[in-house]
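Here is how the chains run, residue by residue.
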Amino acid sequence: MDMDSASSVVLQALTQATSQDTAVLKPAEEQLRQWETQPGFYSVLLNIFNNHMLDVNVRWLAVLYFKNGIDRYWRRVAPHALSEEEKTSLRAGLITNFNEPVNQIATQIAVLIAKVARLDCPRQWPELIPILLESVKGQDDLQQHRALLTFYHVTKTLASKRLAQDRRLFQDLASGIYSFACSLWSHHTDCFLQQIYARDEAAALNSLERTLLSLKVLRKLTVHGFQEPQQNMEVMGFLNAVFERLKQFLECCRQVGSESMCREKLEKTIILYTKVLLDFLEYHPCAFIPLIQRSLEFAVSYVFTPAGEGVTFERFIVQCMNLIKMIVKNDAYKPAKNIEDSKPESLEAHKIKTAFFTHPTLTEIGRRLVSHYFLLTEEELAMWEEDPESFAVEETGGDSWKYSLRPCTEVLFLDVFHNYSQTLTPVLLEMVQNLQGPTNVEDPVQLLMKDAVYNAVGLAAYELFDNVDFDQWFKNQLLGELQVSHHRYKLIRRRVIWLIGQWISVKFKSDLRPLLYEVILSLMQDPDLVVRIETATTLKLTVDDFEFRTEQFLPYLESIFGLLFQLLQQVTECDTKMQVLHVISCVIERVNIQIRPYVGCLVQYLPLLWKQSEEHNMLRCAILTTLIHLVQGLGAESKNLYPFLLPVIQLSTDVSQPPHVYLLEDGLELWLVTLENSPAITPELLRIFQNMSALLELSSENLRTCFQIVNAYIYLSATEFLQNYAESLCRSFCDLLKDITNEGQVQVLKVVEIALKVSPMLGAHMFQPLLPAVFRGIVDGERYPVVMSTYLGIMGRVLLQNSSFFSSLLTQMASECSQEADQLLGSVIEMWVDRMDNITQPERRKLSSLALLSLLPSDNSIIQDKFCGIINICVEALHDVMTEDPETGTFKDCMLMSHFEEPKLSDDEEPPTEQDKRKKLLALEDPVHSVSLQQFVYEKLKAQQALMGDQGFGVLMETVDTELVRQLQEFLQGL
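Cut-offs used in this document
- Residues numbered from 1 in each chain as written.
- Predicted model: local features only at pLDDT ≥ 70, side-chain atom pairs only at ≥ 80, totals over all residues.
- Heavy atoms only, no water.
- UniProt positions renumbered as here; feature names shortened; annotations may be inferred.
- Bend = angle between axes of the 7 residues up to and from the residue.
- Helix = DSSP H or I, 4+ residues; strand = E, 2+ residues; numbered from the N terminus.
- Buried < 20%, exposed > 50% of the residue type's maximum accessible area, 1.4 Å probe, protein only.
- Contact = heavy atoms within 4.5 Å.
- Domains from an automatic or database assignment.
- Buried area = accessible area lost by both parts, 1.4 Å probe.
- Salt bridge = Lys/Arg side-chain N within 4 Å of Asp/Glu carboxyl O.
- Polar contact = N/O pair within 3.5 Å; in protein donor to acceptor, adjacent residues only side chain to side chain.
- Nonpolar A, V, L, I, M, F, W, Y, C, P; charged D, E, K, R; others polar.
- 1 Å grid on protein atoms, 1.4 Å probe; cavity = no way out; pocket = protein on both sides within 12 Å on 5 of 7 lines; lining within 4 Å.
- Points joined across faces, edges and corners; volume = space filled by probe spheres on them.

As annotated in an unreviewed UniProt entry, the chain carries the name Importin-11 and comes from Parambassis ranga. Looking at the chain in UniProt, the text filed under Subunit (unreviewed entry) is "Interacts with UBE2E3 and RPL12." What the UniProt record of the chain gives under Sequence similarities (unreviewed entry) is the line "Belongs to the importin beta family."

What follows is the structure, given as structure tokens:
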């Protein structure tokens, strides 16, 4: 690409690519895409974005194309890689000057320089760091800032490399520039403080920006630049200086006030200082030990004493709490159970923590957490009134503990309580004691305090197990609180029902459950929506609990389920509907078929909700989960849902539809349970299988469920299903078997095995293309035992139940192997006998012996030659399946099934699905369960004796080990 002529055409294309008119935009983008691989294109882009006279949008686009080009073509091994000559020229051009006037473009240039540095620095670009350091020292404000911005992005990128060699290079870099980085940070920090005290906000903001950038550089160097940072005095000196600087900057916050233009950046810098400490603690816990005392003093002082009043802000408090939390629960700071096994550093850290967390300090922290930080704020109370659904969802869900004050506070409380429960338990119990009895509804302070204390008791439920008689407290105190109906007392009603939910799986007597269900029934009718939502959540925890008993819940099921359905209709937010649906699903799952009389309204409402939630895929996931449990509860009656259910499954499992990304996993699960509970195949249910070939091509983590669905279709209607889909299934399976794990291979083979089991003739015919590979696998002695076991299971079915097909397959394979059929059969039998131990399932072991016995009687010399091995397998299988009747001393085959009986179930047992019933009926016809192995062995040996005559048969039996013969005779006694 000639530079002079190219510049104008590239500039024109970039200009057109910024157009809003797609007719102009699309051809320009296509032209630029074609130029991406042209030599010289990136040199032209460099000239364009370095030309400050050009339009900002054009320059911005030039930077983006350059940045994308680095990702695609900078590496030597990349297709259409840039030449070394052009890369050398580009590297030089990128750092010629640092005077970009537009902030956004300057940031993008810094990022792309960092991308090149990640690949080339320091080996191909040794001059980058020295030039950056020199430019950072310059007097020109703009040049200094841009160089510092680039310095930060380069440091950040190099620090992120994780290969050992790259880390060593970064450590070499860090040790070489750390002193300079420290002095740079110190200089800009001092300048900022002088300017802010002089009330020169414009200059202070300028210096603060540089302080922030230099601190970002130092953070990366400090955390990632040293293998043993505790041995570097400058690193530890900087970390100790962080505390003083934090105090100075917090004091600045007090001085400048909330309206200052420096305020936002000032808070960012303070948070960055805390990140330095948190990152260092995370990556170097042992090196942090000398800083534990100071960190705890600093954080506790600002968060739990008046020192923080008027100075702190929420994000800073969160960071301080995280610092305390990480020190309290850090495993490196805990001695081993056996003190002698503890590392010296762990003992030292534990000693510092123990000295700091005295009884008075812990008491103050515990009290302040509960009585100050746990109190609902005015904003939260206003949200409760104005937007109850958002309040309820935020309270139950919350943000990550790292970034939001309330979850962070609760997590800190839990960690401190867990580690110092002996000290804090009496403190919390005293707070509970002080709030006994109903609270005056006219005293909002006491109401908020009780809410906070009950919150603490709920969070610490597991820790308080031995100290609180919750059953007595529930009966004597909490029940009374729930009966106070005043609208201001909703605060306590909601907190108490939440509290019960926290304790339900910790300590709550089973015989109190009916009383609790009455409470839930009452509160589900509470005037306050937040109380109703919280009650629904506690109901979910109750029915989820291990001690849940269906019979205790049944008297309340109709009323509570009706109220849950009302709540689902009343709430409008997507998140709340999901929450309520999860409760409904849970109830349906636990009561199973008992739900059938009460689901009519829900069944009518779900299609409407599905339609309304077209733009809310997560809500649709919740609907799918509800439908899964609904189908399981309805059993065969779920066929009445098909007009709604089947289109839902169709959409959720169609990979050509965008929503499948969210809905596929639950959609497949719903598809499976629908088949398992279907009383009979329908044309619509059969048609959905058209989605399957694309799903099998995905080879995703859902493959196992896909195979289960295929199996369910075979059990449901093998003839119709295989006639319609066996051909396409075979193609999919052949493709899958080319590149699949052993476990995946077994899943494919199990489908074939089930098809042969359900319909021996049709199964063998339909899956004929897969059987030669199975045959070869047996002859070649497949090494993976589970695969070999499945191979033998398949061949056992063919040999036993479709002998003519086995003969034709044997002939085909003999022709392919250029062997006599008899010789090949001998190899198969020999391998079968040799690898019998690969088969672990008793059913398959019995099947193998039945299959091999089916070769008898025979005058074939090869089969007679293998007679000893066949008898060996039979005796092994007889040991597996025969049980001795202690009264008569005779043996019987424990796998025989004579008739189908509906099992008697307890209330907590799930009834059999329609598929379970199909499997049982199938088992009645299966030779494994309908043929006595003992009788079969006897008849086959008798037939062989009749064929050969007594003398010939006697010679044949002499080939069998005498001990085996003795065991065989013992099993055949009485026949």
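1. Some remarks on helix H28 (residues 600-612)
For H28, the principal kink sits at leucine 606 and spans about 30 degrees; a proline, proline 607, occurs within the next four residues. Those residues of H28 not exposed but buried are Leu602, Tyr605, Leu606, Leu609 and Trp610. Against helix H26 (550-570), helix H27 (574-591), helix H29 (617-634), helix H30 (642-652) and helix H31 (660-676) lie the buried residues of H28.

2. Thoughts on the domain arrangement of the chain
Domain boundaries in the chain define domain 1 (692-840) and domain 2 (874-972). Centre-to-centre separation of domain 1 and domain 2, based on C-alpha positions: 25 Å. Taken together, the contact pairs 10 residues of domain 1 with eight residues of domain 2. Buried surface at the junction of domain 1 and domain 2, summed over both partners, amounts to about 830 Å²; 66% is from carbon and sulfur atoms. At the surface where domain 1 touches domain 2, the tally comes to one salt bridge. Across the pair aspartate 926 and arginine 797 runs a salt bridge, and its minimum N-O distance is 2.8 Å. On the surface where domain 1 and domain 2 come into contact, there are one residue pair in polar contact (both at pLDDT 80 or more). For the side of domain 1 that touches domain 2, the secondary-structure elements that each account for two or more residues are helix H34 (703-738), helix H35 (742-758) and helix H38 (785-801). Here the residues of the side of domain 1 that touches domain 2 are counted per class, giving six nonpolar, one polar and three charged.

3. Some details on unusual backbone geometry
Along the chain, cysteine 121 connects to proline 122 via a cis peptide bond; the corresponding omega equals 5 degrees. One can find proline 122 in the loop between helix H6 (103-120) and helix H7 (128-136). Looking along the chain, the bond that leaves leucine 856 and enters proline 857 is cis, with omega of -5 degrees. Tracing the backbone shows proline 857 in the loop between helix H41 (842-853) and helix H42 (861-865). Even without being a glycine, histidine 80 presents a positive backbone phi close to 60 degrees.

4. As for empty space enclosed by the protein
This model, assessed by the stated rule, comprises three cavities of 30 Å³ or more. Residue lining of the largest cavity: 18 residues in total, with Asn97, Phe98, Asn99, Glu100 and Ile109 positioned closest to the centre. For the lining of the largest cavity, the elements supplying multiple residues, two or more each, are helix H3 (41-50), helix H5 (84-94), H6 and helix H8 (141-159). At four residues, H6 tops the list of elements feeding residues into the lining of the largest cavity. Of the residues in the lining of the largest cavity, the class split is nine nonpolar, seven polar and two charged. By volume, the second largest cavity amounts to about 40 Å³. Taken together, Gly366, Arg367, Val370, Phe413, Phe417, Leu424, Val427, Leu428 and Met431 form the lining of the second largest cavity. Secondary-structure elements contributing two or more residues to the lining of the second largest cavity are helix H16 (359-373), helix H19 (405-419) and helix H20 (421-433). Ranked by residues supplied to the lining of the second largest cavity, first place goes to H20 with four residues. Classifying every residue of the lining of the second largest cavity by side-chain character gives seven nonpolar, one polar and one charged.

5. With respect to the pattern of salt bridges
With the rule as written, the count across this model stands at 42 salt bridges. The partner of glutamate 209 in a salt bridge is lysine 265, and the shortest N-O contact between them spans 2.6 Å. With a gap of 56 residues between them, glutamate 209 in helix H10 (residues 201-224) and lysine 265 in helix H12 (residues 263-283) connect regions that are remote in the sequence. Judged by its relative accessible area of 18%, glutamate 209 falls in the buried class.

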